[in-house]
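# Residue-level structure breakdown
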2 protein chains.
Amino acid sequence: MRVAIIGAAGMIGRKLAERIATTGQIGGQRVDAMTLIDVILPEVAIDFAGVRDAFVADLAEPGVATRVISERPEFIVHLAAIVSGEAEANMAKGYRVNLEGTHALLQAIAAVDGYHPRVIYASSLVVFGAPFPAQIPDDYHLTPLTSYGTQKAMGELLLNDYSRRAIVDGIGIRFPTICIRPGKPNKAASSFFSSILREPLNGEKAILPVAKDVRHWFASPRAAVTYIEHAATMDTSHLGGQRCMTMPGVSATVGEQIEALRLVAGDGAVALISQVPDANIASIVAGWPRNFDTVRALRLGFRAEKSFQEIIEIYLEDEMGEHVGQRALR
Amino acid sequence: MRVAIIGAAGMIGRKLAERIATTGQIGGQRVDAMTLIDVILPEVAIDFAGVRDAFVADLAEPGVATRVISERPEFIVHLAAIVSGEAEANMAKGYRVNLEGTHALLQAIAAVDGYHPRVIYASSLVVFGAPFPAQIPDDYHLTPLTSYGTQKAMGELLLNDYSRRAIVDGIGIRFPTICIRPGKPNKAASSFFSSILREPLNGEKAILPVAKDVRHWFASPRAAVTYIEHAATMDTSHLGGQRCMTMPGVSATVGEQIEALRLVAGDGAVALISQVPDANIASIVAGWPRNFDTVRALRLGFRAEKSFQEIIEIYLEDEMGEHVGQRALR
């Protein structure tokens, strides 16, 4: 089959493209062709046996959605988005890309008779906003507290409606916060969740800007790719009208993250973390969800890590080329 | 203040304009000017002391939203919509008017520095879809089962976000099914809820296409205008992020509607109703909500009728010029 990845230059998009290239398939289905689209050229270092096409385009621009589907990909992964901070700072841009871009894709598909691709839509935990129950179920009401969360919630509603009309076979994936992100710290308020682990694992100092009892919902980059692989070929006939769901993950406090680091990398790694409270980050994080009931996704076969130690070990394997068994025994 | 009514040619829009013209105020605030907008010329027979402007325009067309707010109305009532049946039959038109038209209005307001009008957005019970709890609370998750319901739910999310950013002071009103609608029966699946009462009250025969145990949520046209009047000047400081809510109404079965008709108009009126089952209408109505918990709207001061008899009496007063006390004693 043909796969199109929109937002292929991002971290999850690159990892997904690499995984498809390496295995030659997704969810057990052979992939003959792959189209990679992003606003910057998706430079994926892959050795792919099939037909590979990549282009730079903005889904919200006229005609782009039609071009994305011109080869009728059977499987479309829509990861492109203006992220939370930028969507808040630049309201018009966020609505244009996150809402209008998503709608343009669905409208372009609707305009083609008999075309009914599977569409994976990247949604977010922030379709939910505080106050929260102890565990947020999939049928909790949508209460976004940011423009980004609003746009993602609107995209979920679109996906449900276009799936109900059998224009697409949609699955909306609410990603946990991905941890440990490879690379450098960035300006996202959530950056510290990865950097307090990644930097010490690389022998560098890290700053913790919040209290250790801050709790959040996590999964590894490998789990993020696994969700999409599962969604590629799962049976969607039992989804009914509700096509979007929170993915399984690990609910952990910052303190639990640090204890997992200690188990994997020892006291020396933990000693590299300095607590430097940042009231601004603390107040942003206070509105974030902490724990989810993902029984629906689990029943449908989605999987993630079961402990934070596992999340750290996956970073060592995938990003540092280490064998986990070895390191875990240190 | 200046009031703009978008969708002023519809039943609620006309009644609202007439009410403002008659009283010269809304919610206790003097109205100096009124702008009426619709896709057909809003022909409101009113004797209004203030400045009155009316024009034909489609909010989703470029430039129209900017024109609607060119005089900076402090109070905007957005009632314009492609209704449920048409939005289902013509998907593109429904999204264009109901989603893009609404967004165009909010974007036009955002483009004007220092302008912060109160915006009343007409939403609908069908942002909720079956299965339902016994009473649907305001924090029930949005599960629309139609494109119209999807568009209304998306409009609610927009209104929340644009209110959070202090671009508008929005209130989303989920209207009950308005009963008794004046005029002729129409092709809406809900038409019979009014016609089984209206036709007998006018000495004409009526057809009941569903079972008598069908339950639904109702309010009078007079209550619909009252919601908007209350929303015009209420204190919105306690609404928080959730700007939309279901309005108070009367939960009644068709059997209870008919018994209320008997109380008001006697056995002769009831005898004019023939039960002719229609499987298509029955199946549509089966997915509709039946009962709501509107404690939030009640606490905020919204009011509706307390019985179906009251709803019928209001029709007699407002549409047939009768004194209720007199008729109720028959």
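Residues numbered from 1 in each chain as written. Chains lettered and ligands numbered in written order. Predicted model: local features only at pLDDT ≥ 70, side-chain atom pairs only at ≥ 80, totals over all residues.

### Some details on the overall build of chain A
For chain A, the helix and strand inventory stands at 13 helices and 14 strands. Relative to the globule expectation of 20 Å for 330 residues, the C-alpha radius of gyration of chain A, 20 Å, shows essentially globular dimensions. In terms of overall dimensions, chain A has C-alpha extents of about 60 × 45 × 35 Å along its principal axes. In chain A, which comprises 330 residues, the share counted as buried stands at 48%. (Helix = DSSP H or I, 4+ residues; strand = E, 2+ residues; numbered from the N terminus. Rg over C-alpha atoms; globule rule 2.2 N^0.38 Å. Buried ≥ 20, exposed ≤ 12 C-beta atoms within 10 Å, placed from the backbone.)

### Considerations on the relation of the copies chain A and chain B
When chain A is brought onto chain B, the operation consists of a screw motion whose angular component is 180 degrees and whose axial shift is 0.0 Å, with 0.0 Å RMSD remaining. Both copies of the chain, as the preceding transformation shows, are related through a two-fold rotation axis. Looking at the rotation axis and the C-alpha trace of chain A, the residue lying nearest is A:His141, at 2.0 Å. The share of interface residues of chain A whose copies in chain B are also at the interface is 100%, consistent with both copies meeting through the same surface. (Least-squares fit on C-alpha atoms with pLDDT ≥ 70 in both. Contact = placed C-beta atoms within 7 Å.)

### Considering the interface of chain A and chain B
At the interface, 16 residues of chain A touch 16 residues of chain B. Among the residues forming the side of chain A that touches chain B, the class breakdown is 6 nonpolar, 8 polar and 2 charged. (Nonpolar A, V, L, I, M, F, W, Y, C, P; charged D, E, K, R; others polar.)

### Quick look at the packing of helix α4 (residues 91-110) of chain B against helix α5 (residues 147-164) of chain B
All names here are of chain B. Interhelical geometry of α4 versus α5 gives an angle of 10 degrees and a closest axis separation of 9 Å. The angle between the axes of α4 and α5 places the two elements in the roughly parallel class. Touching Met91, Gly94, Tyr95, Asn98, Leu99, Thr102, His103, Leu106 and Ala110 of α4 are Ser147, Tyr148, Gln151, Lys152, Met154, Gly155, Leu158 and Tyr162, all from α5. Among the residues making up the contact of α4 with α5, the classes are represented as 9 nonpolar, 7 polar and 1 charged. (Axes fitted to C-alpha atoms, helices over the stretch in contact; angles between N-to-C directions. Parallel < 35°, antiparallel > 145°, perpendicular 65-115°, else oblique.)

### A closer look at the sheet that holds strand β12 (residues 244-246) of chain B
Residue and element names in this part refer to chain B. Pairing in this open sheet of 7 strands is parallel, and the strands run β5-β4-β1-β6-β7-β8-β12 from one edge to the other. Each edge of the sheet is formed by a strand with only one pairing partner; in this case those strands are β5 (51-56) and β12. Put simply, the sheet's adjacent strands are angled 15 degrees from each other on average, direction ignored. When strand β1 (residues 2-6) meets strand β4 (residues 33-38), the two strands line up parallel, connected through 5 bridges. Bridge pairing in β4 places Ile5 opposite Leu36. (Pairing = 2+ DSSP bridges.)

### Structural notes on the sheet that holds strand β9 (residues 177-178) of chain A
Two strands in a sheet stick together by hydrogen bonds in their backbones, pointing the same way (parallel) or opposite ways (antiparallel). All names here are of chain A. Pairing is mixed in the open sheet, where 3 strands are placed in the order β9-β11-β13. The open sheet has two edge strands, β9 and β13 (250-253), and neither has a second partner. Across 2 bridges, the pairing between β9 and strand β11 (residues 215-219) is parallel. Bridge pairing links Ile178 to Ala219 in β11.

### Things to note about the nonpolar core
Formed by 202 residues in total, the largest nonpolar core has its most connected members in A:Ile5, A:Ile6, B:Ile5 and B:Ile6. With residues up to four places along the chain from it excluded, the contact list for B:Ile6 reads B:Ile37, B:Leu59, B:Val68, B:Ile76, B:Val77, B:His78, B:Leu79 and B:Ala80. (Core = buried A, V, L, I, M, F, W, Y, C linked by C-beta atoms within 7 Å.)

### Section: the packing of helix α8 (residues 254-265) of chain B against helix α12 (residues 308-320) of chain B
Residues and elements named next belong to chain B. Between α8 and α12, the least distance of the axes is 8 Å, while the angle of their chain directions is 55 degrees. With respect to their mutual orientation, α8 and α12 come out oblique. Remark: the crossing between α8 and α12 carries right-handed chirality. Residue-level inspection shows Glu256, Gln257, Ala260, Leu261, Leu263 and Val264 of α8 in contact with α12, the latter providing Phe308, Gln309, Ile312 and Glu313. Looking at side-chain class alone, the contact of α8 with α12 contains 6 nonpolar, 2 polar and 2 charged residues. (Left-handed = near helix turned anticlockwise from the far one by under 90°.)

### A short note on the domain arrangement of chain A
Residue and element names in this part refer to chain A. Each assigned domain of chain A is listed with its residue range as follows: domain 1 (2-176 + 220-246) and domain 2 (191-217 + 250-289 + 307-328). Taking only C-alpha atoms, the centre of domain 1 and the centre of domain 2 are 28 Å apart. Taken together, the contact between domain 1 and domain 2 spans 11 residues of the former and 6 residues of the latter. Class assignment of the residues belonging to the side of domain 1 that touches domain 2 gives a composition of 8 nonpolar, 2 polar and 1 charged. (Domains from an automatic or database assignment.)

### Section: the pairing of β5(B)
Two faces, one strand: in a regular strand the side chains alternate between the faces of the sheet. All names here are of chain B. Across the 6 residues of β5, 0 count as buried, placing the element largely on the outside. With 6 bridges connecting them, β4 and β5 associate as parallel partners. In the sheet register, Ala33 faces β5, and the bridge partner there is Val51.

### Some details on the environment of A:Ser123
All names here are of chain A. As for its placement among the helices and strands, Ser123 is situated in strand β7 (residues 118-124). On the basis of neighbour count, Ser123 is assigned to the buried category, with 26 C-beta atoms found within 10 Å. As for Ser123 and Gly149, which are separated by 26 residues in sequence, their C-alpha atoms are 8.6 Å apart. Residues in contact with Ser123, not counting those within four places in the same chain, are Lys152, Gly155, Glu156, Gly172, Ile173, Arg174 and Cys244.

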